[in-house]
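The lines below spell out each chain.
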Amino acid sequence: MTMTHPTTRRLTITWIILMGLTLVSMISSRLDAEDQWLALPLWSALLVLISTGFKAHQVLMIYLNLRVSSPAWKGAFLGLALVILGLILSGYLAARANLLG
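Since the structure is predicted, the reported quantities are computational estimates derived from the model, not experimental observations.

About the cut-offs
Residues numbered from 1 in each chain as written. Predicted model: local features only at pLDDT ≥ 70, side-chain atom pairs only at ≥ 80, totals over all residues. Heavy atoms only, no water. Helix = DSSP H or I, 4+ residues; strand = E, 2+ residues; numbered from the N terminus. Buried < 20%, exposed > 50% of the residue type's maximum accessible area, 1.4 Å probe, protein only. Patch = residues over 30% accessible without salt bridge, like charges linked within 9 Å, V, L, I, M, F, W, Y side chains within 5 Å. Areas by Shrake-Rupley, 256 points an atom, 1.4 Å probe, with all protein chains shown as cover. Salt bridge = Lys/Arg side-chain N within 4 Å of Asp/Glu carboxyl O. Expected span 1.5 Å × (residues − 1). Polar contact = N/O pair within 3.5 Å; in protein donor to acceptor, adjacent residues only side chain to side chain. Contact = heavy atoms within 4.5 Å. pLDDT = per-residue confidence, 0-100.

Participant: Tell me about unusual backbone geometry, and please be specific about residues and values.
Facilitator: Even without glycine at this site, Asn65 takes up a positive phi of about 60°. Relative to the helices and strands, Asn65 is located in the loop between helix H2 (42-63) and helix H3 (71-100). For Asn65, a relative accessible area of 9% gives the class buried.

Participant: Any details on a nonpolar patch on the surface? Residues and values, ideally.
Facilitator: A contiguous nonpolar patch, built from Trp15, Ile16, Met19, Val59, Tyr63 and Leu64 and spanning about 580 Å² of accessible area, is present on the exposed surface. When residues of the nonpolar patch are traced back to their parent elements, those giving at least two are helix H1 (8-30) and H2. Broken down by element, the nonpolar patch gets its largest block of residues, three residues, from H1.

Participant: Can you lay out H2 for me, pointing to particular residues and giving the numbers?
Facilitator: Taking 1.5 Å of rise per residue, the 22 residues of H2 would be expected to cover 32 Å, and the 30 Å separating its terminal C-alpha atoms lies within 8% of that figure. Those residues of H2 lying buried are Ser44, Ala45, Leu49, Ser51, Gln58, Leu60, Met61 and Ile62. In the stretch just after H2, Asn65 is the one whose phi turns positive, near 60°.

Participant: Let's hear about the side chain of Ser51: which residues, and what values?
Facilitator: With respect to the helices and strands, the residue Ser51 is situated in helix H2. For Ser51, a relative accessible area of 5% puts it in the buried group. Among the polar contacts made by the side chain of Ser51, one reaches the main-chain carbonyl oxygen of Leu21 at a distance of 3.3 Å. Filtering out sequence-adjacent residues up to four positions away, Ser51 remains in contact with Leu21 and Ser25.

Participant: Kindly report on the confidence of the model for the protein chain, identifying the contributing residues and their values.
Facilitator: Predicted coordinates in regions of low pLDDT should not be interpreted in detail. Per-residue confidence for the protein chain averages 85 on the pLDDT scale, and 83% of its residues sit at or above 70. Confidence, read as mean pLDDT per element, is least for H1 in the protein chain (87) and greatest for H3 (91).

See the structure below:
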């Protein structure tokens, strides 16, 4: 079994995409901020979670090179990432419900 490693070009492009998504997350979390500690709007929190999910996928597939591994490994890691994102979303929704009444 031969392993194909990501090229430097692919790693660089992925890194640029990850940095761009980090900026999207940072900007979207500050759009409705008025120097107060308030819960993010639902659309902003979802944008951050979607961006985070895509970033996690890229790190797993490109940097950890799971794209050449078996489907079981891919499924396990991606499943765990989805569970973590689901826990974060449920925590956000619970905290938001508690703050709003």
